[in-house]
Amino acid sequence: MQKHLLMFAKLAVSVALISWVLNGIDFKEVLARIGDARAHWVGFAVLFFILIVILGTARWRLVLKSLSVDLPATTALRLFLIGMFFNQTLPSSIGGDAMRVFYLWRTGISAQTATNSVLLDRIIGLIILIIATTAITPLLVAKLDNPIAATGLIAVLAGGWCAVIMLFVFNNPLTRRFRHIRIVGFAILLSRDTVALCLRPAIAIPTLILSVAIHAATIAIAWSLDHALGGDAGFLIYVVAMTPTILLISIPISIAGWGVREQTLIILLGALGIGATQAVSVSILFGIILLVGGLPGGLLWLVTRKPAPQP
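First things first, this report covers the structure right here in the doc. Since this is a predicted model, take the numbers as computed values, not measurements.

Scoring rules and cut-offs
Within each chain, residues carry numbers counting from 1 in the order of the written sequence. For a predicted model such as this one, the threshold for reporting local features is a pLDDT of at least 70, and the threshold for listing and counting side-chain atom pairs is 80 or more; totals across whole chains, interfaces and linings nevertheless cover every residue. Heavy atoms from the whole structure form the basis of all side-chain values; hydrogens and water molecules are not counted. Labels follow the DSSP assignment, with helices taken as runs of H or I lasting at least four residues and strands as runs of E lasting at least two, numbered in each case from the N terminus. Working definition: with a 1.4 Å probe on protein chains only, accessible area under 20% of the residue-type maximum means buried, over 50% means exposed, and in between means partly exposed. We call two residues contacting when some pair of their heavy atoms lies within 4.5 Å. The Shrake-Rupley method, run with a 1.4 Å probe sphere, supplies the accessible areas, and residue values consider only the shown protein chains as cover. Positive charge is attributed to Lys and Arg, negative charge to Asp and Glu, and no charge count is given to His or to the chain ends. Where a charge sits is defined by one atom per residue type, namely NZ (Lys), CZ (Arg), CG (Asp) or CD (Glu). Here, axes are lines fitted to C-alpha atoms. For helices the fit covers the stretch in contact, and angles between N-to-C directions go from 0 to 180 degrees. In what follows, roughly perpendicular refers to angles from 65 to 115 degrees, roughly parallel to angles under 35, roughly antiparallel to angles over 145, and oblique to any angle outside these ranges. Each crossing gets its hand from how the near helix is turned against the far one by less than a right angle, where anticlockwise is left-handed and clockwise is right-handed. When residues are sorted by character, Ala, Val, Leu, Ile, Met, Phe, Trp, Tyr, Cys and Pro go into the nonpolar class, Asp, Glu, Lys and Arg into the charged class, and all the rest, Gly among them, into the polar class. Working rule for helices: expected span equals 1.5 Å times residues minus one. Every case where a carboxyl oxygen of Asp or Glu lies within 4 Å of a side-chain nitrogen of Lys or Arg is listed as a salt bridge.

Attention shifts here to the overall build of the chain. In terms of helices and strands, the chain carries 14 helices and 0 strands. Listing the helices and strands of the chain from first to last along the sequence gives α-α-α-α-α-α-α-α-α-α-α-α-α-α. Principal-axis analysis of the C-alpha atoms places the extent of the chain at approximately 55 × 45 × 45 Å. Within the span of the chain, comprising 311 residues, buried residues form 47% of the whole. Within the chain, counting contacts between residues at least 6 apart in sequence, those at least 24 apart form 73% of the total. Carbon and sulfur atoms make up 72% of the accessible area of the chain, which amounts to about 15,400 Å² in all. Looking at charge distribution, the chain has the averaged site of its 22 positive side-chain charges lying 17 Å from that of its 11 negative ones.

Okay, structure coming up:
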């Protein structure tokens, strides 16, 4: 029941925000722009999406390697795509990350290791986003004429930094006294694995580089779509607008980021001189690419479904 309530709460957030966004623009014009999108620029966006899949799979394999797991590339790619399907194409109370954990566990890897690998994969990407957004925030705050948006962005960053610091220091003598409590024990192991990964430069450095490349490719999708829709914004504009947007849609308060992404881009791109209609058009087409891009994972999931091993 709690999982269903959470899903409906996310759906309500997405519907409310999308309704709010569409109430202030001409949706027919949005549809017209998307219908007239230049195919070659959309093709570039698709190529950047494929690049994200490749880089994301490579990063997850590195994280697994830090946990002493050597997962074959084909298996990692298959599970990564299944995760994308559940995250983007079939939003549910299960979630793509949970599906990755489940199918990784079915390969014979312990539940703790499988869970930590997926969480670490997410965490590393979020750390890069927090650092980049922190660097960008002074410029954004100076341009934003919406004090609520500026305050909200700063609050999200403050919470993010607190979580990062807590993650790195949680494995300490005091918390270890309470490791018999399940959630505390889990957090201690996650903290330990995070620190261990960072202390292995041969894995940590390429993992961080891959994270930067993944975010750059994500930004490049939005930038390509802006040009596909007749815009001429510079890449730097989308770096400034998309970096905090990616961070905000990582917070699981909506269905696959719908609504949050549109509202955030209207505010941030608006502050950088791009109109609301263009911002919403880019965001919707961005979401469509993610939606369609998740379909191959659905086909792989149908093939992968087998009875779970008996304990």
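Another point: the environment of T107. Examined against the element boundaries, T107 turns out to sit in the loop between helix 5 (96–106) and helix 6 (111–143). For the pair T107 and T75, spaced 32 residues apart in the sequence, the C-alpha separation amounts to 9.3 Å.

Now for the packing of helix 6 against helix 10 (residues 201–228). Each pair of packed helices can be described by the angle between their axes along with the distance between the axes. Relative orientation of the contacting elements helix 6 and helix 10 amounts to 65°, with a least axis distance of 9 Å. Here helix 10 runs roughly perpendicular to helix 6, going by the angle between their axes. As helix 6 runs across helix 10, the sense of the crossing is right-handed. The residues of helix 10 that touch helix 6, namely those facing I124, G125, I128 and L129, are T207, L208, S211, V212 and H215. Its residues assigned to classes, the contact of helix 6 with helix 10 comprises 5 nonpolar, 4 polar and no charged.

With that out of the way, let us pick up helix 13 (residues 276–293). Side chains of residues three or four places apart in an α-helix project in the same direction, reflecting 3.6 residues per turn. Between the first and last C-alpha of helix 13 there are 25 Å, a value that for 18 residues agrees with the 26 Å anticipated at 1.5 Å per step. The buried fraction of helix 13 amounts to 14 of the 18 residues, a majority that puts the element mostly inside the structure.

We now examine the side chain of T175. Relative to the helices and strands, T175 resides in helix 8 (residues 173–176). Residue classification places T175 among the buried positions, given a relative accessible area of 13%. Apart from residues lying up to four places away in sequence, T175 is in contact with F170, V184 and I188.

Turning next to the environment of L55. Relative to the elements of secondary structure, L55 occurs in helix 3 (residues 39–66). The exposure class of L55 is buried, given its relative accessible area of 14%. Between the C-alpha atoms of L55 and R182, which are 127 residues apart in sequence, the distance is 33 Å. Those residues in contact with L55 that sit more than four places away from it in its chain are L210, A213 and I214.

Moving on: helix 9 (residues 182–198). Relative to the 24 Å expected for 17 residues at 1.5 Å per residue, helix 9 spans 25 Å between its end C-alpha atoms, a close match to the ideal helical length. Residues V184, G185, I188, L190, S191, D193, T194 and L197 constitute the buried set of helix 9. Taken together, the buried residues of helix 9 touch helix 3, helix 6, helix 7 (147–169), helix 8 and helix 10.

Attention shifts here to the pattern of salt bridges. By the definition in use, this model includes 8 salt bridges. Note that R100 and D97 form a salt bridge whose closest N and O atoms lie 3.4 Å from each other. Remark: D97 and R100 occur in helix 5; sequence separation between them is 3 residues, near one turn of the helix. R122 is paired through a salt bridge with D97; the nearest N and O atoms lie 2.9 Å apart. On the criterion of sequence distance, the pair formed by R122 in helix 6 and D97 in helix 5 is long-range, its members being 25 residues apart. Several salt bridges share partner residues, and in doing so they unite R59, D97, R100, D121 and R122 into one network.

Such coordinate-based values are descriptive only and should not be taken to indicate function.
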